[in-house]
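# Examination of the molecular architecture
In case you want the letters, here they are:
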Amino acid sequence: MGFRILRGRGRSCVLGLVLLPLFASAANAQGPAPETAPPLFPGGGLISYNSIFITRELMPGAPGGIPATARPTFSHEGDFNLTWGFYRDFDLTVLVPVVTNHFDAGSNSGIAARGTGLGDATVLVKYRFYRQDSKRGTTQASVTLGPKLPTGRTNLADMNGKRLPASLQPGSGSTDLFVSANWTYTGLFNLRRLVADEDFHSLVRSQGTQETRLGSDFESRFWLSYRPYESKNGAREWFIGPVVTWLHSQDDRIASVTQSGSGGNELLAGIATYVGVRPGMHVWLGMDWDVAHSSGAMFMPVRRHISFGITRQFRFHFN
């Protein structure tokens, strides 16, 4: 499987908005906080909405219609996130997505499909196992673990009533395992407002609908952010900086047969920014573009990825 480098593509300038300590979502997107390792404070709560747009490279339709390993050429995912800091250094998160998938094999092919439905919900527990404070800043590390449950819709069909492949359904029909490791280093190069943040996570998949086991995903996302503005009371802050993401997806398996070339590697680069608009409320925007990717015949790399959202922090009160 070859590796192709993309050159000469224009890059748009991004101005955006957000902030708040939580953790990145399981949806391959910028999450509701710039720093992914810290948990919420005990008794703290957070709700957020994240809107994710992904455009992929076109994949020609097979003679019989849509290929069994096809990914959406355009998708939108709206993630509803509820997080609770239920104990010191621990978070509990419930993530529920609503997914819209479009597949288009090209303007001259006549092959297209689309649909919307509830996606698979994820329940995650996060534990911060390391924190070190210094004059430079704070270093933190955490791990997150939990299941992705088969709550999503798996019966979308095309205009002729034919059921769409498992890879185009909002849900997978499988119970999968999400695991991540996060590291945040504040005060890089002894600059108090410069933060390095690494999020490595994986979704390990099992067999689901249509006897299909979608390829497991692995992602490493590194964000170097600078805070050019911070109010004295900390209510308003602005983070902005470059993001580099490596994605690896394994080959799909259908009826226990490996679909060689359906998985691959890619490298994305972009920018993310966060702004606090009022105490406890923040918005964010992230954009990534394809830099390099595998050249497998059935592999559909991400061309453009946009994520924006809003988050609100609060306290849980128990009587």
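None of these values were measured; they are calculated from a predicted model.

### Details of the nonpolar core
Met59, Ala70, Phe103, Ala105, Ile111, Ala113, Leu156, Leu164, Leu168 and Met300 together form the largest nonpolar core, which totals 10 residues. Ignoring anything within four residues of it in the chain, the contact list for Leu168 reads Ile66, Ala70, Arg71, Pro72, Asn101, Phe103 and Leu156.

### Quick look at the pattern of salt bridges
Oppositely charged side chains may form a pair once their charged atoms are brought near each other. Evaluated as defined, the whole model comprises 14 salt bridges. Note that Asp252 and Arg71 form a salt bridge whose closest N and O atoms lie 2.5 Å from each other. Here the residue Asp252 occupies a position in the loop between strand S12 (237–249) and strand S13 (253–254), and Arg71 occupies one in the loop between strand S2 (44–56) and strand S3 (74–87), the gap between them amounting to 181 residues. Neither Asp252 nor Arg71 differs from the other in exposure class; each is buried. The partner of Arg205 in a salt bridge is Asp176, with the nearest N and O atoms 3.8 Å apart. Remark: Asp176 occurs in strand S8 (residues 176–186) and Arg205 occurs in the loop between strand S9 (194–204) and strand S10 (212–213); sequence separation between them is 29 residues.

### Some points on the sheet that holds S13
Within a sheet, neighbouring strands are paired by backbone hydrogen bonds and run either parallel or antiparallel to one another. Ordered in space as S10-S13-S14, the three strands form an open sheet in which the pairing is antiparallel. Pairing within the sheet leaves two strands with one partner each, and these edge strands are S10 and strand S14 (257–258). In this sheet, S14 lies alongside S13 in antiparallel orientation, the contact comprising two bridges. Paired with Ile254 across the two strands is Val257, which belongs to S14.

### Some thoughts on the confidence of the model for the chain
Here the chain averages 86 in pLDDT, and 86% of its residues register 70 or above. Overall, residues 1–28 carries pLDDT values under 50, and its contacts beyond four positions in sequence, including any with other chains, amount to 113 contacts.

### A closer look at unusual backbone geometry
Within the chain, Asn190 stands out as a residue other than glycine whose phi angle is a positive 60°. Given the relative accessible area of 65%, Asn190 is considered exposed. A positive phi angle is found at Glu211, which is not glycine, with a value near 55°. When you line up the elements, Glu211 lands in the loop between S9 and S10.

### Overview of the environment of Leu118
Considering the arrangement of structural elements, one finds Leu118 in strand S5 (residues 112–118). Counting along the chain gives 35 residues from Leu118 to Arg153, while the straight-line C-alpha distance between them is 5.7 Å.

### Details of the pairing of strand S7 (residues 138–148)
Buried residues dominate S7, accounting for eight of its 11 residues. In the sheet, strand S6 (residues 122–133) pairs with S7 via nine bridges, with the strands oriented antiparallel. Residue pairing in the sheet places Val125 in a bridge with Leu145 of S7. Between S6 and the antiparallel strand that follows it, S7, lie four residues; Gly137 among them carries a positive phi value of about 155°. Of the strand pairs in this sheet, S7 and S8 are connected by 10 bridges, and their pairing is antiparallel. Among the inter-strand pairings, Lys148 is bridged to a residue of S8, identified as Asp176.

### Thoughts on the side chain of Thr93
Here Thr93 lies in strand S4 (residues 90–104). Assessed through its relative accessible area of 4%, Thr93 is described here as buried. Reaching out from Thr93, the side chain makes a polar contact with the side chain of Thr83 at a distance of 2.8 Å.

Basis of the calculations
- Residue numbering note: each chain is counted from 1, following its sequence as written.
- Reporting in this predicted model follows two pLDDT cut-offs: at least 70 for local features of residues, and 80 or more for side-chain atom pairs to be given and counted; totals over whole chains, interfaces and linings ignore these cut-offs and use all residues.
- Values reported for side chains reflect all heavy atoms of the structure, with hydrogen atoms and water molecules removed beforehand.
- What is meant by a nonpolar core is a set of buried Ala, Val, Leu, Ile, Met, Phe, Trp, Tyr and Cys residues, joined one to another through side-chain atoms within 4.5 Å.
- Throughout, exposure labels follow a simple rule: accessible area from a 1.4 Å probe, protein chains only, divided by the maximum for the residue type, with under 20% read as buried, over 50% as exposed, and the rest as partly exposed.
- Contacts: residue pairs with any heavy atoms within 4.5 Å of one another.
- For salt bridges, the criterion is a side-chain nitrogen of Lys or Arg within 4 Å of an Asp or Glu carboxyl oxygen.
- Counting from the N terminus, the helices are DSSP H or I runs at least four residues long and the strands are E runs at least two residues long.
- Strand pairing follows a simple DSSP-based rule, namely that at least 2 bridges must link the two strands.
- Confidence scores here are pLDDT values: one per residue, from the predictor, ranging 0 to 100.
- Whenever a nitrogen or oxygen atom comes within 3.5 Å of another N or O atom, the pair is scored as a polar contact, on the condition that within protein one atom can donate a hydrogen and the other can accept it, and that pairs from neighbouring residues in sequence are kept only if both atoms are in side chains.

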